[in-house]
Amino acid sequence: MEHIVAFIKDYLKYKGRANRQKYFVRWLSILLLWLSTGLMAWFLHAFLPGDIFFPTFLIIGIPFLFFLAASGFCNTMRRCHDLNYSGFIAFGTILVPFLLDRIFPNSIVVTILSLVITLYLFFKRGTVGENQYGPDPLQAE
């Protein structure tokens, strides 16, 4: 049980820095958990009656999806810290594409912008040495 608690605390940690490898591994694990949750919900919805599925999904599924969203946001904040940006930039990585999608619905520009932001976070080397958010995670290893 303590391993599960440590896992949850680590994924909701927003202070400190996350290098490219740690960011990518966490991003990938969150994506896989998100997809498996959706697949499991689809499967259960197909085989369970609605009066059993919907309360179960409200009690278990929705909080788990909120956990995944919060852990993805914390992961992005730590990656921004590694690039020596404020954690508030993480809001921009979510908010800007969201607002642009409302202005230009179904636009390829929003998709390209989201892809550029994601690739930047994946491939930009973090600040070498200590910065205002903590020590260099590559030198600490």
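Structure's up top.
Below or above, wherever it landed, is the structure these notes cover. (Residues numbered from 1 in each chain as written. Predicted model: local features only at pLDDT ≥ 70, side-chain atom pairs only at ≥ 80, totals over all residues. Heavy atoms only, no water.)

## Structural notes on the nonpolar core
Stated precisely, the cut-off is as follows: We define the nonpolar core as a collection of buried residues of types Ala, Val, Leu, Ile, Met, Phe, Trp, Tyr and Cys that are connected through side-chain atoms lying within 4.5 Å of one another. Each residue is placed in one exposure class: buried if its accessible area under a 1.4 Å probe, protein chains only, is under 20% of its type's maximum, exposed if it is over 50%, and partly exposed if it falls in between. Helix and strand labels come from DSSP, where a helix needs a run of H or I of at least four residues and a strand needs a run of E of at least two; each type is numbered from the N terminus.
Core analysis: the largest hydrophobic core is formed by eight residues, namely Tyr23, Phe73, Met77, Cys80, Leu83, Ala90, Leu121 and Phe122. Among the elements of the structure, helix H3 (50-82) and helix H5 (108-123) are those that each provide at least two residues to this core. The next biggest cluster of nonpolar side chains, apart from the first, holds five residues, and it includes Tyr11, Ile30, Leu65 and Phe67.

## A look at a nonpolar patch on the surface
Here is the rule: Surface patches are drawn from residues lacking salt bridges whose relative accessible area is over 30%; two like charges belong together within 9 Å, two nonpolar side chains (Val, Leu, Ile, Met, Phe, Trp, Tyr) within 5 Å. The protein chains shown are the only cover counted for residues, whose accessible areas, like all others here, come from Shrake-Rupley with a 1.4 Å probe. Here, a salt bridge means any side-chain nitrogen of Lys or Arg that lies within 4 Å of a carboxyl oxygen of Asp or Glu.
A cluster of nonpolar side chains, contributed by Leu39, Met40, Trp42, Phe43, Leu44, Phe47, Leu48 and Ile52, occupies part of the molecular surface with about 860 Å² of accessible area. It is helix H2 (residues 20-47) that provides the largest number of residues to the nonpolar patch, a total of six residues. Summarising the element assignment, leucine 39 is placed in helix H2.

## A look at the packing of H3 against helix H4 (residues 88-103)
Filter applied, for reference: Fitted lines through C-alpha atoms serve as axes, helices being fitted only where they are in contact, and the angles separating the N-to-C directions of these axes extend from 0 to 180 degrees. Should an angle fall under 35 degrees it is called roughly parallel, over 145 degrees roughly antiparallel, and 65 to 115 degrees roughly perpendicular, with every other angle called oblique. By convention, the crossing between two helices is left-handed when the near helix turns anticlockwise from the far helix through less than a right angle, and right-handed when the turn is clockwise. Here a residue-residue contact requires only that any non-hydrogen atoms of the pair lie within 4.5 Å.
Where H3 contacts H4, the axes come no closer than 8 Å and their chain directions differ by 125 degrees. Between H3 and H4, the angle falls in the class oblique. Here H3 runs over H4; the crossing is right-handed. Where H3 approaches H4, its residues Phe73, Thr76, Met77 and Cys80 are matched on the opposing element by Ile89, Ala90, Phe91, Thr93 and Ile94.

## Considerations on the pattern of salt bridges
A pair can form between side chains of opposite charge whenever their charged atoms are brought close. Under the defined criterion, the tally for this structure stands at three salt bridges. The residue arginine 79 makes a salt bridge to aspartate 82 at a minimum N-O spacing of 2.6 Å. A residue pair is termed a helical-turn pair when its members lie 3 or 4 positions apart in one helix, as arginine 79 and aspartate 82 do in helix H3 at three residues. Given a relative accessible area of 2%, aspartate 82 falls into the buried group. Aspartate 101 is paired through a salt bridge with arginine 102; the nearest N and O atoms lie 3.0 Å apart. A residue is classified by how much of its surface remains accessible, and aspartate 101, at 27% relative accessible area, is partly exposed. One connected set of salt bridges, linked through shared partners, spans Arg17, Arg79 and Asp82.

## A closer look at unusual backbone geometry
Its identity as a non-glycine residue notwithstanding, asparagine 84 has a phi of 65 degrees, on the positive side. With respect to the element layout, asparagine 84 can be found in the loop between H3 and H4. In this structure asparagine 84 comes out as partly exposed when scored by relative accessible area, which is 34%. A positive phi angle, near 55 degrees, is found at asparagine 106, a position not held by glycine. With respect to the element layout, asparagine 106 can be found in the loop between H4 and H5.

These figures capture arrangement, not role.
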